[in-house]
Amino acid sequence: MRTAIFNNVDLEFSGKANNYVLVARWSAAVAQTPRYTALPACREGIVTSYFTTDRHDRLREQVREFAESKVRPLVSEMEAVKSVQHTLSRLIAQQGWIGVTIGRGYGGMGLGHLAKTIIIEEISRVSGAMGAMVQASQLGVAKILNFGSEEQKNKWLPAIASGDCLPTIAVTEPDSGGFVLGMEATAEREGDDYLLNGRKVYIGNSHVGDVHGVVVRTGKGSAGLSAFLVESDRPGLSLAPHREAMGLHGFSFGELIFSDCRVPAANRLGSEGDGLAVAYSSSILYGRANLTAVSLGIHRAIVDETVAFALSRPRHGKSIAEMPSIKLKLGQMQSRLMTARLAAYHATHLLDTGQSCDPELINAKLINVEYAIDSARSAMEIHSAAGLFTDRPIERYLRDAFHIFAPAGTSDIQLLRLGETALGTAKGSWSERFARESAASAGELRADADRDGALCADKLRAAS
Ligand SMILES: Cc1cc2nc3c(=O)[nH]c(=O)nc-3n(C[C@H](O)[C@H](O)[C@H](O)COP(=O)(O)OP(=O)(O)OC[C@H]3O[C@@H](n4cnc5c(N)ncnc54)[C@H](O)[C@@H]3O)c2cc1C
């Protein structure tokens, strides 16, 4: 057994990868860590109550309490050591939140996509790295829910929902980047197995994942991609060493190397040729929304922190918040945050109610990433020299916000897709194709809304 001491928190785990025995002892010192006191960026109800139910509000409180008490005390240590947070990742998964869109029948929460946004937003508000960790494995759920056989669902979904298994999705390659069809990794059929060869890079949760959803070539062209579930301890699969990045310290987005990795045909998701659909649908329906939520959480932290700073920084007998130029910048940040949040909640509400919403999901990612980065710049300007030092979180927020630019498509890629929407040349709608599955993922929310008589109960009921 190895023991790591983080900020007065003892975390014990066995040295075997992905088999961590969690013995977290939250010391008295951590329990007494002062709570976050910055002013809230926007009153909770303003842009959200149209979409949220009491169940969402209870979930938010629960996640926020966890993030403040269990994640925040570890953040400075995570920034200092910059290593992958195996034990904290597992502890977060064990709260059941990776299974928020998995139905109760498979052990999940069945609360849908807006609830998923709230979970990621609240964790990311405290730690972008752990928010990214949560989203990466929630993204890994999509392919099993939408393409898994009943046998595969029964095998994997309960373990994911309980936090015992962290899934990933592995599509990107060194030379093809965001151009999925340019991938070169292969799977060759050999009897009842496939032999996988090639490399996947920038894979979210690469170093904590237990089962990787890998898309590779089984043939030529767009019909030549197929998806496989590959357990992390399978011979022939190895990890490149963890590389330090600019931000998101504690999160891994590293490299998987396949070298004659033998995978049973029973691990194939869907049919041969379904790989492109697995990759695209996961990216649009989960990836866009998840990264939207990470940006939103970071953005909220940026605004909270900057308002608190501006109010506390004296100038001419008042605070700098009274100066018109500062108030104007704060107003711009608040406006961006409200618009970004509205886009995020609207898009996921449409998913939960089984409506066609690919452009809304794409736009939400674009708006949230761009606005969080814009607000990070405004925040740095308001902090001026004070923002450059690592004793304040603002430079961390700036670094973390930039990390959300590339995954699930850069802003140029989102704009290209929205251009196709404008021109009427968009090719199909994943939200329409998987409307039943998306609405089903919020089944428990509908049951709760019925009981609570919540605001959007009618809309949720209409989707069932
Ligand atoms: C934090 C993080 C987490 C990630 N998680 C995952 C994951 O879980 N699974 C996974 O498979 N991948 C993941 N990725 C990889 C991510 O999907 C890629 O970074 C993304 O697809 C872009 O690829 P690239 O970075 O290689 O850039 P490239 O595709 O090489 O793009 C380089 C530049 O060219 C532009 N460009 C590219 N193509 C076009 C085009 N057709 N038209 C106009 N401009 C274009 C881009 O906008 C960009 O500015 C993650 C990346 C990050 C940073």
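Scroll up for the structure.
What comes next concerns the included structure. (Residues numbered from 1 in each chain as written. Predicted model: local features only at pLDDT ≥ 70, side-chain atom pairs only at ≥ 80, totals over all residues.)

## A look at helix H4 (residues 112-126)
What counts, and what does not: Each helix is a run of H or I in the DSSP string that is no shorter than four residues. Each strand is a run of E no shorter than two, and both are numbered from the N terminus. To estimate how far a helix should reach, multiply one less than its number of residues by 1.5 Å. Here a residue counts as buried when 20 or more other C-beta atoms sit within 10 Å of its C-beta, as exposed when there are 12 or fewer, and as partly exposed otherwise, the C-beta atoms being derived from the backbone.
In this model H4 runs 22 Å from its N-terminal to its C-terminal C-alpha over 15 residues, within 8% of the 21 Å that 1.5 Å per residue would give. With 15 of its 15 residues buried, H4 lies for the most part within the structure.

## A look at the packing of helix H5 (residues 128-147) against helix H7 (residues 275-312)
Just so we agree on the cut-off: A fitted line through C-alpha atoms represents every axis, and for helices the fit uses only the stretch in contact; the resulting angles, taken between N-to-C directions, go from 0 to 180 degrees. Each angle is binned into one of four classes, with values under 35 degrees roughly parallel, values over 145 roughly antiparallel, values of 65 to 115 roughly perpendicular, and all other values oblique. The hand of a helix crossing depends on one turn: near helix anticlockwise from the far one by less than a right angle means left-handed, and clockwise means right-handed. Note on contacts: each residue gets a C-beta atom placed from the backbone, and two residues are in contact if those atoms are within 7 Å. All amino acids are sorted into three groups, where Ala, Val, Leu, Ile, Met, Phe, Trp, Tyr, Cys and Pro are nonpolar, Asp, Glu, Lys and Arg are charged, and the leftover types, Gly among them, are polar.
As a packed pair, H5 and H7 sit with axes 9 Å apart at the nearest point and diverge in direction by 155°. Taken together, the axes of H5 and H7 are roughly antiparallel relative to one another. Both H5 and H7 take part in a crossing whose hand is right-handed. The segment H5 lies against H7, with Gly128, Gly131, Ala132, Gln135, Gln138, Leu139, Ala142, Lys143, Asn146 and Phe147 engaging Val278, Ser281, Ser282, Leu285, Tyr286, Gly287, Asn290, Leu291, Ala293, Val294, Gly297 and Ile298. The class makeup of the residues in the contact of H5 with H7 is 11 nonpolar, 10 polar and one charged.

## So, the environment of Ser206
Mapped onto the elements of the fold, Ser206 is located in the loop between strand E6 (193-204) and strand E7 (211-217). C-beta crowding within 10 Å serves as the criterion here: with 24 such atoms nearby, Ser206 is assigned to the buried category. Sequence separation between Ser206 and Ala240 is 34 residues, and the spatial gap between their C-alpha atoms is 9.4 Å. Apart from the residues within four sequence positions on either side, Ser206 is in contact with Thr168, Leu239, Ser252, Phe253, Gly254, Glu255 and Leu256.

## Observations regarding the site of the ligand
Heads up, the condition is: Residue proximity rests on one test: whether the C-beta atom, placed from the backbone, lies within 6 Å of the molecule or strand.
Near the ligand there are 20 residues, and of these Val171, Gly177, Gly178, Gly204 and Thr410 occur at the shortest range. Those elements that place two or more of their residues in the shell around the ligand are strand E4 (167-170), E6 and helix H11 (411-423). Along the lines of polarity and charge, the residues of the shell around the ligand split into 12 nonpolar, seven polar and one charged.

## Brief notes about unusual backbone geometry
Despite not being glycine, Asn205 shows a phi value in the positive range, around 70°. Note that Asn205 resides in the loop between E6 and E7. Classification of Asn205 as buried rests on a count of 28 C-beta atoms within 10 Å.

## A closer look at helix H10 (residues 394-403)
For H10, a buried count of seven out of 10 residues is recorded, marking the element as mostly surrounded by other parts of the structure. Listing the buried residues of H10 in full gives Ile394, Arg396, Tyr397, Leu398, Asp400, Ala401 and His403.

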